[in-house]
Amino acid sequence: MVEAYCPHLGANLGVAGEVSMSTNCLKCKFHGWEFDKDGKVVRVDGTDVVPNGNIKRVYHVCETNGIVHLWHDAEDGAPTWDLVHRDQINSGDYYLAAESIAYVNCHIQEIPENGADVAHLNVLHKDLVGGWTPNFLAFHGWTASWAVDQQLQHITNMTVYEIIRVWNSYTLHFATVKVDIHQIGPGLVTLDFHTPIGTLILHQCILPEKVTTQRVRHVMHASSTVPRPVAKLLLWAVHDQFNRDVPIWCTKRYEPKPVISKADGPLLAFRRWYQQFYSAGSVSFADALAQETMIDW
């Protein structure tokens, strides 16, 4: 994948570009320049002399699990780790059941950090879907564990159980849901929902469109034993829980040195783990905001 801008006069090839059917090259409709798959200029309308030029940035791309992923590196380096390829999805055994897109106005780190913040689960998410818990339910809550993968340091693993008890005595085992959650790199989370009728896999992909604008895409795949309406209902339930966090993400500030209690669990460990995705070439948050708001001709 190449960046959007033509090296000639800067036309946005996402708007003013097309694939030439005769040459299978990317063609700029502004002046007719054509580029091969590596971004190199191979043809220019009106002349046989081809300038020695390239589209400035070419990105590594991987298509897996029904999603196209792009590798971004501040120093334009090659990928240093791989994604997790799910055979159930890539083989077609699991079908695409539902997907959605949401926008959240916050820094990219806020959203995945929320997963390691296990203390908030039994506060913000203690009510059932819809925000209401009947009186006869003595308990609706969550238990969670979080740890860095011992073999793949770019992955963290988390296991969450959603538990419901009635009259403070009986656990509804049929309603207990186990979710295996894997944070893969800085912006990808997978959630495996294990239910009595089959397994569903949810991919949460976070794409920064601006410094504080995150495009969050949820893609749900399900085993053939799970009816599509059930999968759609589960994604709706995920959205209900997700939307409880959104107003907080959009209005909170980042505390670099928070006051921590014993109940906060692995929050600081998550922050230390996440630091590996920043490098010497990473633009600071303040500088990125300044560049975003600056009119630079």
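To be clear, the structure that these remarks concern was listed above.
So, here's what we can say about the structure. (Residues numbered from 1 in each chain as written. Predicted model: local features only at pLDDT ≥ 70, side-chain atom pairs only at ≥ 80, totals over all residues. Heavy atoms only, no water.)

**Structural notes on the packing of aromatic side chains**
This structure, assessed with the given rule, holds ten aromatic pairs. Both rings, one in F270 and one in W273, keep their centres 5.6 Å apart while their planes meet at 45°; by these two values the pair is tilted. In this pair, F270 and W273 both sit in helix 6 (residues 267–274), three residues apart, roughly one turn of the helix. Overall, F270 belongs to the buried group, its relative accessible area being 1%. Judged by its relative accessible area of 6%, W273 falls in the buried class. Taking the centre distance of 6.2 Å and the plane angle of 65° together, the rings of W273 and Y274 count as edge-to-face. Residue classification places Y274 among the buried residues on the basis of a relative accessible area of 2%. Ring pairs connect the aromatic residues W71, W81, W146, F270, W273, Y274, F277 and Y278, which therefore count as one cluster. (Phe/Tyr/Trp six-rings, centres within 6.5 Å; stacked < 30°, edge-to-face > 60°. Helix = DSSP H or I, 4+ residues; strand = E, 2+ residues; numbered from the N terminus. Buried < 20%, exposed > 50% of the residue type's maximum accessible area, 1.4 Å probe, protein only.)

**Observations regarding the pattern of salt bridges**
Per the stated rule, a full pass over the model turns up eleven salt bridges. K37 is the salt-bridge partner of D38, the closest N and O atoms lying 3.6 Å from each other. The class for D38 is partly exposed, based on a relative accessible area of 44%. Of the charged contacts, one joins K252 and E110 as a salt bridge, the two residues approaching to 3.0 Å between their closest N and O atoms. Residue K252 is located in the loop between helix 5 (228–251) and helix 6, and its partner E110 is located in helix 3 (residues 110–116); the two are separated by 142 residues in the primary sequence. (Salt bridge = Lys/Arg side-chain N within 4 Å of Asp/Glu carboxyl O.)

**Overview of a nonpolar patch on the surface**
A cluster of nonpolar residues, M1, V61, V68 and L70, forms a patch on the protein surface that exposes about 340 Å² of accessible area. The residue V61 is located in strand 5 (residues 61–64) in this model. (Patch = residues over 30% accessible without salt bridge, like charges linked within 9 Å, V, L, I, M, F, W, Y side chains within 5 Å. Areas by Shrake-Rupley, 256 points an atom, 1.4 Å probe, with all protein chains shown as cover.)

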